[in-house]
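Structural features, examined
If you want the building blocks of each chain, they are given just below.
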Amino acid sequence: MDITPDAIVYWEAGSVRITATLVFTWLVMAILVGGSWLVTRRLSTETTLSRGQSLLEIVVEIIQEQIRDVTQQEPARYLPFVGTLFLFIAVSNILAIVPGFHPPTGSLSTTAALALCVFVSVPLFGIAERGVGGFLRAYLQPSAFLLPFNIIGELTRTVALALRLFGNVMSGTMMVAAALAIAPLFFPVIMSALGLLIGLIQAYIFAILALVFIASANQAHQEQAQTASINEKRRDGP
Amino acid sequence: MGVDWFTLIAQIINFLVLVWLLKHFLYGRIVGAMKEREAKIAGRLDEAARQRASAEAEAELFRARNLEFEANREDMLARAGDEAEVHREQLMEAARRDAEKAQVEWLEALQRERQGLLQDFRERLGQEVFSLARRGLSELADAALEEQILKVFLERLQTLDPAERNAIATAVREADREIEVRTAFPISPEARERLSLALQRELDDSVEARFTTSADIICGVELRTPSHRFVWNVDSYLEGLEASLFEALDENAEKHARLQ
C-alpha cells in the first residue's frame, strides 16, 4: 500500500509528475468552488434561506466567530486565508472515508505547502498591519539576543505544523489499512468514524494554529503599543 | 516518503488559487448576503420600533383623549341637559304661542261670528224698530206734527254749528243758490214762506227753496244741494237709540267672552 498519494503517479514528463495528490487536490477544489458557486449564484437576503445557503452561512459564521475570538479583531482580513485552510483540510479529511479517495493532506508535500503558506503569510499579514520595520522589530523582542531563537521558532513551528497534519492524516489512513488487515469486519468502521473526527480536529487545529501565529505577531505589537501608552499616561499623571 | 518539490509548488499555487476562488465565490458573496440581511433586519427592527413608538404615542394620545372625554363628560352632559331644557322651553313657548294664537284666532272667529250675529240681530231689530216707528209715526203724522217738525228744524238751523252752516252756504252758492227742501208730507204755504225766510236769513239772502216730498223721510226735513245734505228727522233719534242699544249688547258680549 501507498503511504502517501505522492507515490501514485498518473502522468509524468521529466520533473513534472501528476500525482494523486494533485488530482485529488483539484477534485477537492472543484467540489469547494463548484458547491460555493452553485449555492451563491442565487443568494437570498430575506429571512428564508435555501439549505445550501444556510449551511455555508453557518460555516462562514463559525469561522468568523473563531477568528474574532482568537484575534479580537474584525475577521474580514483573515477570513479567506484561514477559512480556506480549514475548508480544504476538512473536506480532504472527510472525503478520506470515500473508498478510492486519497486525501491530499496525507501528502507531506501538501502539508508542507500549506505550512509554507502560513509561514509566508505571518510576515505578510504582519507587514500589512504595521509595516516592514515594525514587523522586523518584533524579532528583536524582548531582547536582540533572542533574534536567533525567534527565527528558529518561526521555522520549527512551520515544520511542526506541516508534520502534525501530515502525520495525523497519514496515520489515520495507515491505521484503517492496518485494521482492515487485522479485523476486516467492524473495527475499520469505528476507525473510519474516528478518522473523520480526527480529520476535522486536525483541520481545526491547523487553521487555529495558523491564525494564532498570524495574530500573535500582531498582538505582540498591539500589547507593546498599549504598554507604551500606559507608561506615557503614568508619566503624565500625578 | 519525502517532499516532492514539484507537488509542493503546485500545491502552493493550488492553495492560493483556491483562496482566490473561494474569496470570490464563497466568502465575499456569503458575507455580503449576511450583511445585507442584517441591514434589512436592522431596518425592519428600526421600522418596527418606530411604528411601535408611533403606536404608543397614538395610544397615549387616545388615552389622554379618553381621560379628557371622561373629565368633560359630566360637563357635556350638563351642557346637553341645559341645551335640552332651553330647547324644551323654546318648544313649550312655541306651543304656547301657537295655542294662544289658535285661541286668539278662535276668539276672533267667535267674535266675528258674534259680530255677525249681532249685526244680523241689530239689522233685524233696527228694521223692526224702524218699521214700528215708521208705522206709528205715519199713523200719527198730520199737519200739526209737520208744523211742529218744521219748528224744531228751524231751531236746529238757527243753532247750527258755524262751520257746518258755512259748508251748507258754500254748497248752496255753488248750486246757483238753489236748495231742495224735502219733507214727508206737503207743507203749507205759510210754513214754506217761513222756512224760505229762515234759510235766506241763515244761509244766503238770495237762496231759493224748492219744496219736494219723499216717502223715505219719516217725520223730518231734509235740505239738499248737489254736494251737501242737512237732515233732521226722527231717524236720527232712532239711530241714537240704536247706538245705545248696540253698545249695551257689545258690553254684554265682552263680559261673556272674559268669563269664558
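Computed from a predicted structure; not experimentally measured.

Quick notes on the rules
- Residues numbered from 1 in each chain as written.
- Chains lettered and ligands numbered in written order.
- Predicted model: local features only at pLDDT ≥ 70, side-chain atom pairs only at ≥ 80, totals over all residues.
- Helix = DSSP H or I, 4+ residues; strand = E, 2+ residues; numbered from the N terminus.
- Buried ≥ 20, exposed ≤ 12 C-beta atoms within 10 Å, placed from the backbone.
- Contact = placed C-beta atoms within 7 Å.
- Pairing = 2+ DSSP bridges.
- Core = buried A, V, L, I, M, F, W, Y, C linked by C-beta atoms within 7 Å.
- Expected span 1.5 Å × (residues − 1).
- Nonpolar A, V, L, I, M, F, W, Y, C, P; charged D, E, K, R; others polar.
- Arc of directions from axis to C-beta.
- Axes fitted to C-alpha atoms, helices over the stretch in contact; angles between N-to-C directions.
- Left-handed = near helix turned anticlockwise from the far one by under 90°.
- pLDDT = per-residue confidence, 0-100.

**Considerations on the overall build of chain A**
When you go through chain A residue by residue, the secondary structure sums to six helices and two strands. The order of α-helices and β-strands along chain A, N terminus first, is β-β-α-α-α-α-α-α. Within the span of chain A, comprising 238 residues, buried residues form 34% of the whole.

**A look at the overall build of chain B**
Check the secondary structure of chain B and you find five helices and four strands. Each helix and strand of chain B, placed in order from N terminus to C terminus, yields the pattern α-α-α-β-α-β-β-β-α. Across the 260 residues of chain B, 16% fall into the buried class. Sequence-distant contacts, at least 24 apart, represent 80% of the contacts inside chain B between residues at least 6 apart.

**Let's talk about the pairing of strand β3 (residues 221–224) of chain B**
All names here are of chain B. Pairing analysis gives four bridges linking strand β1 (residues 178–183) to β3, with the strands arranged antiparallel. Each bridged residue has a counterpart across the sheet, and for Arg-182 the counterpart in β3 is Glu-222. The sheet contact formed by β3 and strand β4 (residues 229–232) spans four bridges and is antiparallel. When the bridges of β4 are listed, Glu-222 appears paired with Val-231. Joining the antiparallel neighbours β3 and β4 is a turn of four residues.

**What to know about the nonpolar core**
Considering soluble globular proteins, one finds that nonpolar side chains tend to be buried as a cluster. Residues A:Val82, A:Leu85, A:Phe86, A:Phe88, A:Val118, A:Ala210 and A:Leu211 are the most contacted members of the largest nonpolar core, which totals 55 residues. For A:Phe88, the residues in contact, after removing those within four places along its chain, are A:Val28, A:Leu32, B:Phe15 and B:Leu18. Counting residues in each nonpolar core, the second largest holds 18 residues, with B:Val181, B:Ile187, B:Leu203 and B:Phe230 among its members.

**Quick notes on helix α1 (residues 20–40) of chain A**
In an α-helix, one full turn covers 3.6 residues, which means residues spaced three or four apart are oriented alike. Look at α1(A): 29 Å from first C-alpha to last across 21 residues, which is about the 30 Å you get at 1.5 Å a residue. Of all the residues in α1(A), the buried ones are A:Ala20, A:Thr21, A:Leu22, A:Phe24, A:Thr25, A:Val28, A:Met29, A:Leu32, A:Ser36, A:Val39 and A:Thr40.

**Thoughts on the interface of chain A and chain B**
The interface of chain A with chain B comprises 37 residues on the first partner and 28 residues on the second. Secondary structure elements with two or more residues in the side of chain A that touches chain B: β2 (16–19), α1, α2 (51–71), α3 (79–94) and α4 (108–137) of chain A. Per-element tally for the side of chain A that touches chain B: the top contributor is α1(A), with nine residues. Along the lines of polarity and charge, the residues of the side of chain A that touches chain B split into 21 nonpolar, 13 polar and three charged.

**Overview of unusual backbone geometry**
Residue A:Gln72 is not a glycine yet carries a positive backbone phi of 55°. Tracing the backbone shows A:Gln72 in the loop between α2 and α3.

**Observations regarding α2(A)**
Residues and elements named next belong to chain A. Spanning 21 residues, α2 covers 30 Å between terminal C-alpha atoms, matching the ideal 30 Å at 1.5 Å per step. Buried residues of α2: Leu-56, Val-60, Ile-63, Gln-64, Ile-67 and Val-70, and no others. On an axial view of α2, the arc spanned by its buried residues comes to 135°, and they lie on one face. Turned more than 90 degrees away from the buried face of α2, the exposed residues are Arg-51, Ile-58, Ile-62, Glu-65 and Asp-69.

**What about the packing of α4(A) against helix α5 (residues 147–182) of chain A?**
All names here are of chain A. For the pair α4 and α5, interaxial distance at closest approach is 8 Å and the crossing angle is 145°. The handedness of the crossing between α4 and α5 is right-handed. Between α4, through Leu-108, Thr-111, Ala-112, Ala-115, Leu-116, Val-118 and Phe-119, and α5, the contact on the second element is made entirely by Thr-158, Leu-161, Ala-162, Leu-165 and Phe-166. Class assignment for the residues of the contact of α4 with α5 results in 10 nonpolar, two polar and no charged.

**Things to note about the environment of A:Leu200**
Residues and elements named next belong to chain A. Checked against the element boundaries, Leu-200 lands in helix α6 (residues 187–236). On a C-alpha basis, the gap between Leu-200 and Ile-94 in space is 7.3 Å, while along the polypeptide they are 106 residues apart. Look past the residues within four positions of Leu-200 in its chain and what remains in contact with it is Ala-90 and Asn-93.

**Focus on the sheet that holds β1(B)**
Note on sheets: strands pair through backbone hydrogen bonds, and any given pair is parallel or antiparallel. Residues and elements named next belong to chain B. As summarised here, the arrangement of the four strands in space is β2-β1-β3-β4, forming an open sheet in which the pairing is mixed. Among the strands making up the open sheet, the edge pair consists of β2 (208–213) and β4. With strand direction ignored, the average angle separating the axes of adjacent strands in the sheet is 20°. Where helix α4 (residues 189–202) meets the sheet, its contacts fall on β1 and β2, and the angle it forms with β2 comes to roughly 135°.

**Comments concerning the confidence of the model for chain B**
All names here are of chain B. Of the residues in chain B, 83% reach a pLDDT of 70 or more, and the chain-wide mean stands at 82. Per-residue pLDDT, averaged within each element of chain B, yields its smallest value for helix α5 (residues 234–259) (69) and its largest for helix α1 (residues 5–140) (87). Quick note on the complex model: pTM equals 0.58, ipTM equals 0.86.

**Some points on the packing of α1(A) against α3(A)**
Residues and elements named next belong to chain A. Where α1 contacts α3, the two axes come as close as 10 Å, and the packing angle between them is 115°. Judged by the sense of rotation from one axis to the other, the crossing of α1 with α3 is right-handed. Each of Val-28, Ile-31 and Leu-32 in α1 lies in contact with α3, whose residues at this interface are Leu-87, Phe-88, Val-91 and Ser-92. Counted by class, the contact of α1 with α3 contains six nonpolar, one polar and no charged residues.

**Side note on the environment of B:Glu178**
All names here are of chain B. Following the sequence through the fold, Glu-178 ends up in strand β1. As a C-alpha pair, Glu-178 and Arg-224 span 46 residues in sequence and 9.2 Å in three-dimensional space. The residues contacting Glu-178, other than those within four sequence positions of it, are Glu-208 and Arg-210.

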